[in-house]
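Given next are the chains, with one letter for each unit.
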Amino acid sequence: MNRTIRVIEKQLNLTFNKPELIQQAFRHTSYANEQARRHLPHYERLEFLGDAVLELSITERLFQDFPKKPEGELTDIRSAVVRGRNLAMVAKKLGMSEVIQLSRGEFRVAGHENPYILANAVEALIGAMYLDFGFEVAKKWIIKNIYSMLEEIMSRGLYVDPKSYLQELTQELWGQLPTYQVVAEEGQDHNKTYVIDVLLGECTLGRGKGTSKKK
């Protein structure tokens, strides 16, 4: 693991003064629970901190780059930039799936490839960078690796809330609002998958499957 962390540090262009922070950032709750006797801290506290640092960094940059956009639209754009799918892509580029410490059970179900876990680890890594190097260094990394996705997000309109857009569309065309029906719930409580139909009256417009009802 230490060798892999050094590879990631090289990709980050940073060498941690407190290596325990980057190790904690890659330690999943399941692993810490499995190694309870060692009292190892897991990544959730760093994730909590990193989430705030990430949001402030993106908010500040959007505020500067789009002086004429209203608050609501900036909020939607920010949500699109910091969504878990984007963070998971960053994690894969860094090779973080190879270094995350998981319990044996979590590893057997491919937890190291789980986008939710990878996204959380990126936020934890940001928290670790903030504690070790300060806000400006963490922000610089965020702008380079995460904010840089903005151009594609804007060009493809990925910041538009799909549920609101669908409601506006069906209201305009047919004077009706869509409804949503849960068809199935699969998996354990901590790792569920939902299957949901979207209906317009009696007509089924489509069916979606994801790890949350929102997705």
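The preceding data block contains the structure.
Overview of the structure. (Residues numbered from 1 in each chain as written. Predicted model: local features only at pLDDT ≥ 70, side-chain atom pairs only at ≥ 80, totals over all residues. Heavy atoms only, no water.)

Re the overall build of the chain
Now for step 1: When you go through the chain residue by residue, the secondary structure sums to 11 helices and three strands.
Now for step 2: Traced from its N-terminal end to its C-terminal end, the chain shows the element sequence α-α-α-α-α-α-α-α-α-α-α-β-β-β.
Now for step 3: Counting only C-alpha atoms, the chain reaches 60 × 45 × 25 Å along its principal axes.
Now for step 4: Evaluated residue by residue, the chain yields a buried proportion of 41% over its 215 residues.
Now for step 5: In the chain, 55% of the contacts between residues at least 6 apart in sequence involve partners at least 24 apart. (Helix = DSSP H or I, 4+ residues; strand = E, 2+ residues; numbered from the N terminus. Buried < 20%, exposed > 50% of the residue type's maximum accessible area, 1.4 Å probe, protein only. Contact = heavy atoms within 4.5 Å.)

Structural notes on the side chain of glutamate 9
Now for step 1: In this fold, glutamate 9 is placed in helix 1 (residues 2-12).
Now for step 2: This buried residue, glutamate 9, is left without a salt bridge; arginine 6 holds the nearest opposite charge, at 6.5 Å.
Now for step 3: If we skip the residues at most four places from it in the chain, glutamate 9 touches Leu14, Thr15, Phe16 and Ile22. (Lys, Arg positive; Asp, Glu negative; His and termini not counted. Salt bridge = Lys/Arg side-chain N within 4 Å of Asp/Glu carboxyl O.)

Description of helix 8 (residues 115-133)
Now for step 1: When the terminal C-alpha atoms of helix 8 are compared, their 26 Å separation across 19 residues agrees well with the 27 Å that a helix rising 1.5 Å per residue should span.
Now for step 2: Of all 19 residues that make up helix 8, 14 are buried, and the element is covered over most of its length.
Now for step 3: For helix 8, the N-terminal capping position is held by asparagine 114, with its side-chain oxygen 2.8 Å away from the main-chain nitrogen of tyrosine 116.
Now for step 4: Phi turns positive, to about 100°, at glycine 134, one or two residues after helix 8. (Expected span 1.5 Å × (residues − 1). Polar contact = N/O pair within 3.5 Å; in protein donor to acceptor, adjacent residues only side chain to side chain.)

Some remarks on the pairing of strand 1 (residues 179-186)
Now for step 1: With seven bridges connecting them, strand 1 and strand 2 (residues 193-200) associate as antiparallel partners. The residue bridging alanine 184 from the neighbouring strand is valine 195, located in strand 2.
Now for step 2: Counting the residues in the hairpin turn of strand 1 and strand 2 gives six residues, including glycine 187, whose phi is positive at 90°. (Pairing = 2+ DSSP bridges.)

Digging into a negative patch on the surface
Now for step 1: A cluster of acidic side chains, namely Glu71, Asp76, Asp161, Glu168 and Glu172, defines a negative patch on the protein surface.
Now for step 2: Secondary-structure elements contributing two or more residues to the negative patch are helix 5 (71-81) and helix 11 (162-174).
Now for step 3: As for its placement among the helices and strands, aspartate 76 is situated in helix 5.
Now for step 4: Overall, the relative accessible area of 34% leaves aspartate 76 in the partly exposed class. (Patch = residues over 30% accessible without salt bridge, like charges linked within 9 Å, V, L, I, M, F, W, Y side chains within 5 Å. Areas by Shrake-Rupley, 256 points an atom, 1.4 Å probe, with all protein chains shown as cover. Charge placed at Lys NZ, Arg CZ, Asp CG, Glu CD.)

Details of the packing of helix 8 against helix 9 (residues 135-145)
Now for step 1: The interhelical angle for the contact between helix 8 and helix 9, taken along N-to-C directions, is 145°, at an axis separation of 7 Å. Here Val122, Ile126, Met129, Tyr130 and Phe133 of helix 8 come into contact with helix 9, specifically with Phe135, Val137, Ala138, Trp141 and Ile142. (Axes fitted to C-alpha atoms, helices over the stretch in contact; angles between N-to-C directions.)

As for the pattern of salt bridges
Now for step 1: In the structure shown here, the tally under the stated rule is nine salt bridges.
Now for step 2: Here glutamate 34 makes a salt bridge to arginine 104, at a shortest N to O gap of 3.9 Å. With glutamate 34 in helix 3 (residues 29-34) and arginine 104 in helix 7 (residues 104-108), the pair connects residues that are 70 residues apart, well separated along the chain.
Now for step 3: Looking at glutamate 34, the relative accessible area reads 33%, which means it is partly exposed.
Now for step 4: A salt bridge links glutamate 136 to lysine 139; its shortest N-O distance comes to 3.4 Å. Of this pair, glutamate 136 and lysine 139 both sit in helix 9, separated by three residues, roughly a single helical turn.

Description of the sheet that holds strand 3 (residues 203-210)
Now for step 1: Taken together, three strands build an open sheet; the order of strands is 1-2-3 and the sheet is antiparallel. Taken across any chain shown, the strands that pair with only one partner, and hence form the sheet edges, are strand 1 and strand 3. Neighbouring strand axes in the sheet, compared pairwise and without regard to direction, differ in orientation by 20° on average.

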